[in-house]
Amino acid sequence: MEIRTELLCDGVDFISITEDRFLTNRISANIFLPLDKRDVSANAILPFLLRRACKSYPDLITLNRRLDELYGARLFAEVDKLGEAQVLTLTISAIDDRFTISKEKNTAACIDLLCELLFEPAFENGKFRQKDIEQERRQLIELIEGEINDKRTYARNRCLEYMCGNERYGINPLGTKDGVKNLSDDEILEAWRNALASGRIRFALLGKEDDGTAFEIFKEAISKIYRQNVRDCAPEIVGATGDVKEYEDSMPVEQAKLFMGFRAGIAEPDEDTYAMVLTAALFGGTPHSRLFLNVREKLSLCYYCAARYDRRKGVLLVDSGIEAKNRQKVVDEVIVQLECLKKGDFDDSELNAAKLYVANSFRSVFDSQGGLERWYINQIFDRETLSPDEAAARIEGISREKVMKCASQITLDTVYMLKGLN
Amino acid sequence: MKRELVRNEALGESYYSIDHDSGLKIYIYPKEKYSSTYAIFGTKYGSIDTCFRLKGQKEYVKVPEGIAHFLEHKLFEGEKEDAFARYARTGASANAYTSFDRTAYLFSCTERFAESLEILLDFVQSPYFTPQTVQKEQGIIGQEIKMYEDNPDWRVFFNLLGALYKNNPVRIDIAGTVESIAQIDADLLYSCYRTFYNLHNMALCVAGKVDVNEVLEIADKMLKKSEKQEIERCFPEEPSEVNERRVVQKLPVSLPLFHIGIKCDYKEMTLTEVSAMRALLQILAGESSKLYNELLDEGLINSSFSFEFFEGRGHSAVIFGGESMNSDKVEGKIIEAIEGFKKNGIENEDFERAKKSLYGRAVSSLNSVENIANGLLNSHFSNREFFGVFNSIAELPKEDVVRQLHENLDVNRIAISIVEPVENSK
């Protein structure tokens, strides 16, 4: 595997990952912007609008037919969050030229298409077409409203809204229903121009070989953009905040969803965060972790009880699906287990198991094309870029004292429960 | 022991198909450049197998709903320690699942593969159940069932199966109900285990970084030879018409969810028939179809729209799913589109495009060792050859697609399941 990063211009780079184990190639454009209530909704609609049409394929059905011809190429529009950045992504993935039935040049066609979708939308009088805007406006509102359908995701978002209400992290990267409803065509056009002019941008190519075509195409396209100062996406790292806040919502559900939001106080790019990743795994990241063995297996209180640490923000969430009446029992047990980690009340075999598990999950990234691409794209703001192997080695070298120190930095901030009506 | 190398020259891929002396079928798909290995050990036994006997036995045994899934949970338990604790020492990421017609135990790892494979083969062959551990599991699975009761995607799907099928056990929730699992005890678990966890009813599939001889050595060491036995399953008669035309459930959701199903006559299908059906659905409702684009333009669906050919042992149906303010209208448009194709035929251009797209997607699926190992298992239990799918698509005749349209898309056998928002959902 060969990795090469090249700067196209200030704030715009191209990462090329040459790896011949896959049968497909994958190309993406990723734009990072600071999460901001003022333009989050306008930014959020962009990938979906761009996914609809471009100059050569001016409507959705023509574009989708083109994708069929490219051997069922997949074209994804995504909006996500990385730390406190809003990430807008367009990705295309299709089988390598070696495997096309009539030896067509699939990959070059995919690169051209992705580039055109991003830089040459299907405009009418210099603007996105009203028909396209209305279609994507409706769908984005449905997507935002639809978050309530998955109770676990919904409860997580609610917990973060309460816990990080005054931080960018509490902003939903999809925007808000009202925000999307009220977007004007001028705002959307401006958001597109601003994203290209002042977003931190990373293009990525993951494929069998890189003949330099993609780099040249993206370079040519970006050179036509008048680039301005790159907007800063650095997260605000918040430590212990004093009293624990408690919130509840109710809804007609069978099972309550409990979320406990902790501050870990450690996040990229300030500090090497891998020790906290390991601590979270030992705490509740594996089927032999403290939370799994105690809350699920010993006390039989739930089907899942897991800890997840976001190392780009320094927030650690523990969540479980429970009977509402057991809330305090679960909260108490989670705290007891965290105290054990703080005191060093865990044996070396547990620590080794967590290390093996995390190292294994890192090294497995090599075999997933999407995972490998994400691995490198998401390190864009980290203090250093590590390969999965290097990160695994980092995990293996962490001492128990370091884990105890990490655990002692974790403080409970917010307890949130979504419960049934009875 | 019989060992055969199966190749796909065009893609440069191959796998070994092995009949092990123990009675177990083994598939090994080496991917030399890969870093990880994925192994899956499965039995042809799922939630639909609730009534069975061994050949020679007089009476059929009827077991509680959800027992295959319960057994899956319990096999992880051992007399000394559970399987997760053992995997903890190798670093493998382990899991298991139960579907309608199979149960499978799996792990993936980047190191210490041999040890993990030994654990897998050992714990699945070593049942250990006690009244205490059975009771503990009832609490855990009880919460798993409640989790699914709140999951609108799951509910809308199972409500559709209940609408399509009157008696076929595919209509039963895979995990059963809190009441049905309360009837499960250690003896029943042992009885199911002895019937279905016979190696002749199972298969082991390994894909990724793997050495064939290493797997076979471990298999020789760990597998306990099984006597061949024949399982007789008892499925109730299923009428050809749907059970209920329309079912509605209210849940806290934003937009109503729908699943629309067309019941097909069940028969064992060849790969060509399955590929023909997939191509048909792609032409009918794929992202480049007229139907999909019209539904979008009219605001009747969003990008959550999907469709599948839902096919397993004893059942097959075509299912469309999504979210809509007017699900009945979506159903009307689907019926209209089917009738349109029946009347006007299928354009060559649409057919060729669908073929190309399906082919590319099938090739893409070989990127993932997880897809490969699960695909091998699935092919084995369906008596199909894993690589057969590529030729069946590349050489698919259009007439076969047309035949599927006329034989299997009968709009008189359609049912719709809707999950509507409750009033106070926020």
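Residues numbered from 1 in each chain as written. Chains lettered and ligands numbered in written order. Predicted model: local features only at pLDDT ≥ 70, side-chain atom pairs only at ≥ 80, totals over all residues.

Topic: the overall build of chain B
Argument step 1. What chain B contains, in helices and strands, is 15 helices and 15 strands.
Argument step 2. For chain B, whose C-alpha radius of gyration is 23 Å, the value lies close to the compact-globule estimate of 22 Å for 426 residues.
Argument step 3. Each of the three principal axes of chain B carries a C-alpha extent, and together these read 60 × 55 × 45 Å.
Argument step 4. Across the 426 residues that make up chain B, the buried fraction comes to 50%.
Argument step 5. In chain B, the proportion of contacts linking residues at least 24 apart, taken out of those at least 6 apart, comes to 81%. (Helix = DSSP H or I, 4+ residues; strand = E, 2+ residues; numbered from the N terminus. Rg over C-alpha atoms; globule rule 2.2 N^0.38 Å. Buried ≥ 20, exposed ≤ 12 C-beta atoms within 10 Å, placed from the backbone. Contact = placed C-beta atoms within 7 Å.)

Some words on the overall build of chain A
Argument step 1. Counting its regular elements, chain A contains 15 helices and 13 strands.
Argument step 2. The globule rule puts the C-alpha radius of gyration for 422 residues at 22 Å, and the 23 Å found for chain A is close to it.
Argument step 3. Considering only C-alpha atoms, chain A reaches an extent of 60 × 45 × 40 Å along its principal axes.
Argument step 4. The long-range fraction of contacts in chain A, counting pairs at least 24 apart against all pairs at least 6 apart in sequence, stands at 81%.

So, the domain arrangement of chain A
Residue and element names in this part refer to chain A.
Argument step 1. Assigned domains of chain A: these are domain 1 (2-223) and domain 2 (245-419).
Argument step 2. Placing a centre on the C-alpha atoms of domain 1 and another on those of domain 2 gives a separation of 30 Å.
Argument step 3. With 26 residues of domain 1 at the contact, the number on the domain 2 side is 24 residues.
Argument step 4. Looking at the side of domain 1 that touches domain 2, the element that brings in the most residues is helix α5 (residues 151-163), giving nine residues.
Argument step 5. The residue inventory of the side of domain 1 that touches domain 2, partitioned by class, reads 14 nonpolar, four polar and eight charged. (Domains from an automatic or database assignment. Nonpolar A, V, L, I, M, F, W, Y, C, P; charged D, E, K, R; others polar.)

Some points on the domain arrangement of chain B
Residue and element names in this part refer to chain B.
Argument step 1. Once the domains are mapped, chain B shows domain 1 (2-233) and domain 2 (246-421).
Argument step 2. Just the C-alpha atoms count here: the centres of domain 1 and domain 2 sit 28 Å apart.
Argument step 3. Of all elements in the fold, only β1 (2-8), β2 (13-19), β3 (25-30), β4 (37-43), α5 (152-164) and β9 (202-208) reach the threshold of two or more residues within the side of domain 1 that touches domain 2.
Argument step 4. If you tally residues by element for the side of domain 1 that touches domain 2, the top one is α5, at ten residues.
Argument step 5. Tallied by class, residues from the side of domain 1 that touches domain 2 come to 23 nonpolar, seven polar and eight charged.

Notes on the interface of chain B and chain A
Argument step 1. Taken together, the contact pairs 55 residues of chain B with 49 residues of chain A.
Argument step 2. Breaking the side of chain B that touches chain A down by element, the ones donating at least two residues are α2 (83-88), β8 (103-109), α4 (131-149), α10 (290-297) and α12 (348-364) of chain B.
Argument step 3. Taken together, the residues that form the side of chain B that touches chain A break down as 21 nonpolar, 21 polar and 13 charged.

Concerning the sheet that holds strand β6 (residues 61-62) of chain B
Strand pairing in a sheet is mediated by backbone hydrogen bonds. Such pairs are either parallel or antiparallel.
Argument step 1. Read across the sheet, three strands follow the order β6-β5-β10 (chain B) without closing on themselves; strand pairing throughout is antiparallel. A single partner strand is all that each edge strand has here, and the edge strands are β6 and β10 (231-233) of chain B. (Pairing = 2+ DSSP bridges.)

Observations concerning the environment of B:Thr103
All names here are of chain B.
Argument step 1. Within the secondary structure, threonine 103 is located in strand β8.
Argument step 2. Taking the C-alpha atoms as reference points, threonine 103 and methionine 202, separated by 99 residues in sequence, lie 9.5 Å from one another.
Argument step 3. Excluding anything up to four places from it in sequence, threonine 103 contacts Gly42, Thr43, Tyr45, Gly46, Ala68, Glu72 and Thr98.

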